[in-house]
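Geometric and topological summary
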Amino acid sequence: MRIRKSTFIHPGSNATYGMVAIALSFFAFAYSSRFGQAAILVYYALWFPLVLMDYRRVLGSYSKQLWIFAFGVFTCLSIFWSVVPPVTARAAIQYMTHIICALIAVRTLDIRTLTRGAIAGTSIVLLYSLLFGYYALDAIDGTYSFVGAFDSKNQLGFYASLGIYFAFAAVFILGERRIWLLGAGVVGLMAAYCLLASQSATSVLVTGLVVMLSIGMRVILFLSPRQRKKLFATAAISGVILVVAGVYLGAVDLVLGAFGKDSTLTGRTYLWQQGIAAATLHPFFGIGYQAYWVQGFSEPERLWEEFYITSRAGFHFHNTFIETTVETGLIGVFLLVSILLTAVIGHLKRFLNDLRNDESYVLFGVATLLLIRAFVEIDILNPYQVGSFLLYFIAGKLTMKAQVLRVAPLVSDDRMELGPPVNWEAQVSR
């Protein structure tokens, strides 16, 4: 019995395998600390063997993707000045292979398969947490919250946010019906429960903002590309003005108070101060990728003790930009932020310019979620994390031709008239 290659590597034809691969990858990212190397080996086994089937199609040409590897290459170079070279070398290699797996997924999955796989993946991650999770005491604010099978309520909140967004995108953007409509509804409700139980103010606020943004962007689809740009620019400027006014008028404190938080963001502002102080010691190149939070070093030991981190692991500055600057300096943070902003702006441009581009519609929402969370978490900095996998998937899609809905021309005699929109896909080169 022979199985066609398209079952595994052709976007659209490999829907079953793609959904399984994404779902299992999400589970491996979520609980690799629990299942150890076995989870990571499963993750690699899902993507690297696809290269052996058709390496030209799966890998494509990396000439257009060199900018995506920039930060990963810099983490490898940081081995030469790292204060802990073995730790940096191992983490950098893991990060590079992680990027390659994400780019393999870019070449082999379409947006519908990714969305369905994400729904399935978040469902098993959250279900596992509901079955084997627990409540933990936050020693800083003295409250109990549901952390699931994670060590942090913020990680549970992140997966719940992804579950809600992808369930929303499946129905609202991609128009899923029947079994996937029901599945998206069930996963959305389960994710909403986990999000509320985790009491993660960050995840609740970011999820609400991204969903509202996606709903608002639906209105733009009824306008021409030129009108879309004008309306979006007006809305963006108005939004910035409202945010700035809200900050000065004390709206931030009111919002935080509604979630039982204070202006210190549960100690985050103090952590940011400590991170900035550490970054100023090695401002341009940092101390080496993942070379700060190492047991035996005085500063991380002090912070672990102050924040009651008895495991002396799995802690960070709760800010992607500060954490990246400490580890890889201003050069590293510039490279990583460039990838993140390119992902956000690139898919926004596609959405505004194309008549209908569901791929960029969905991916812009995910990129925006990652961008907002970057100010309070480090979802995209480390290997084997769902945030970094999605970042490089989103960025990789910008290097490929977009599938968009076009208007079909109707030719009659010597005149050309535009007929109504027809649902046919054209490969439009970017």
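Residues numbered from 1 in each chain as written. Predicted model: local features only at pLDDT ≥ 70, side-chain atom pairs only at ≥ 80, totals over all residues. Heavy atoms only, no water.

Some thoughts on the side chain of N14
- Position of N14 relative to the elements: it lies in the loop between α1 (6-9) and α2 (15-35).
- Residue N14 is classed as buried on the basis of its relative accessible area, which comes to 0%.
- Reaching out from N14, the side chain makes a polar contact with the backbone oxygen of F8 at a distance of 3.0 Å.
- Ignoring any residue separated from it by four or fewer positions in sequence, one finds N14 in contact with S6, T7, F8, I9, T108 and L109. (Helix = DSSP H or I, 4+ residues; strand = E, 2+ residues; numbered from the N terminus. Buried < 20%, exposed > 50% of the residue type's maximum accessible area, 1.4 Å probe, protein only. Polar contact = N/O pair within 3.5 Å; in protein donor to acceptor, adjacent residues only side chain to side chain. Contact = heavy atoms within 4.5 Å.)

Observations concerning the nonpolar core
- Among the nonpolar cores identified, the biggest contains 104 residues, and Y43, W47, Y159, L370, L390, L391 and Y392 are the most heavily contacted of them.
- Ranked by residues supplied to this core, first place goes to helix α9 (residues 153-172) with twelve residues.
- Sequence-distant contacts of Y392, defined by excluding residues within four places in its chain, comprise I68, F71, Y95, I99, A102, L103, V106, L336 and I339.
- In this structure, W272, Y292, W293 and V326 belong to the second largest nonpolar core, which totals 18 residues. (Core = buried A, V, L, I, M, F, W, Y, C linked by side-chain atoms within 4.5 Å.)

Considerations on the packing of α2 against helix α8 (residues 111-132)
- Running from N to C, α2 and α8 point in directions that differ by 35°, and their axes come no closer than 7 Å. Considering only the axes of α2 and α8, their crossing is right-handed.
- Along the lines of polarity and charge, the residues of the contact of α2 with α8 split into 16 nonpolar, six polar and two charged. (Axes fitted to C-alpha atoms, helices over the stretch in contact; angles between N-to-C directions. Left-handed = near helix turned anticlockwise from the far one by under 90°. Nonpolar A, V, L, I, M, F, W, Y, C, P; charged D, E, K, R; others polar.)

As for the environment of I99
- Inspection of the secondary structure puts I99 in helix α7 (residues 85-108).
- Since its relative accessible area comes to 0%, I99 is described here as buried.
- A C-alpha to C-alpha distance of 8.1 Å links I99 and S388, two positions 289 residues apart in sequence.
- Those residues in contact with I99, other than ones at most four positions away along the chain, are I68, F69, G72 and Y392.

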